[in-house]
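For reference, the chains in residue letters:
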Amino acid sequence: MLLEIARDPEVRLRDVAQSIGITERAVQNIVADLQQAGYLTRDRVGRRNRYHLNLDQHFRHHTEAHAPVRALVDLFATFETPARQPPAAGRHGPSVQARASGSGLTRG
């Protein structure tokens, strides 16, 4: 879920659900949990939401508690597969690598 939002901060939850193969209701619940836990915030922009990841938030599970979310996003941004091309600059902004470097994702 975090990776889908990192790829496109203006993604529709319906599109996330289709992309990862779960129901839209499940995606809404996960986003609400992530927001409550401090992993993301969402801002209303017109009729859409824009999500901001807290890349400095650490994972909850004790085996990954030492690692910030940034480590996961950076890892997958580096190994973006050809089948999952990030959106071109334009409506959704710069690619994941540019956003992961700080231009499109909220820090701390």
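You'll find the structure just up there.
Cut-offs applied
- The written sequence of each chain sets the order in which its residues are numbered from 1.
- A pLDDT threshold of at least 70 governs which residues receive local features in this predicted model, and a stricter bar of 80 or more applies before side-chain atom pairs are shown or counted, although totals over entire chains, interfaces and linings include all residues.
- Computation of side-chain values covers all heavy atoms of the structure but excludes hydrogens and water.
- Salt bridges are counted wherever a side-chain nitrogen of Lys or Arg sits within 4 Å of a carboxyl oxygen of Asp or Glu.
- Each helix is a run of H or I in the DSSP string that is no shorter than four residues. Each strand is a run of E no shorter than two, and both are numbered from the N terminus.
- Type-normalised accessible area, obtained with a 1.4 Å probe on protein chains alone, sets the label of each residue: buried when under 20%, exposed when over 50%, and partly exposed for intermediate values.
- Axis geometry follows a simple rule: fit a line to the C-alpha atoms, using only the stretch in contact for helices, then measure angles between N-to-C directions, giving values from 0 to 180 degrees.
- For this classification, under 35 degrees means roughly parallel, over 145 means roughly antiparallel, 65 to 115 means roughly perpendicular, and everything else is oblique.
- For any pair of crossing helices, the crossing counts as left-handed if the nearer helix is rotated counterclockwise from the farther one by less than a right angle, and right-handed if it is rotated clockwise.
- In what follows, residue pairs with any heavy atoms lying within 4.5 Å of each other are defined as contacts.
- In this context, the arc is that of the directions from the helix axis out to the C-beta atoms.

*Asks:* Can you help me understand the pattern of salt bridges in this one?
*Replies:* When charged atoms on two side chains of opposite charge get close, those side chains can pair. For the coordinates displayed, the defined rule picks out 5 salt bridges. For E4, the salt bridge goes to R7, with nearest N and O atoms at 3.1 Å. Of the two residues, E4 and R7 are both situated in helix 1 (residues 2–7); the distance of 3 residues between them amounts to about one turn of the helix. Residue classification places E4 among the buried residues on the basis of a relative accessible area of 10%. For R7, a relative accessible area of 15% translates into the label buried. A salt bridge links D15 to R12, with the nearest nitrogen and oxygen atoms 3.0 Å apart.

*Asks:* What exactly am I supposed to notice about the packing of helix 2 (residues 13–20) against helix 3 (residues 24–36) here?
*Replies:* For any two helices packed against each other, the geometry is given by the interaxial angle and the distance between the axes. Closest axis-to-axis distance for the helix 2/helix 3 pair is 8 Å, and the angle between their directions is 110°. One way to sum up the angle between helix 2 and helix 3 is to call them roughly perpendicular. Crossing geometry of helix 2 relative to helix 3 is assigned as right-handed. Touching L13, R14, V16 and A17 of helix 2 are E24, V27, Q28 and V31, all from helix 3.

*Asks:* Before we go on, may I ask you to explain helix 2 in this structure?
*Replies:* Two residues of an α-helix separated by three or four positions point the same way, owing to the 3.6 residues in each turn. Those residues of helix 2 that sit buried are L13, V16 and A17. Seen from one end, helix 2 has its buried residues packed into an arc of 100°, which puts them on one side. Where helix 2 is buried, its residues meet helix 1, helix 3 and strand 2 (48–53). Backbone geometry just downstream of helix 2 places G21 in the positive-phi region, at approximately 80°.

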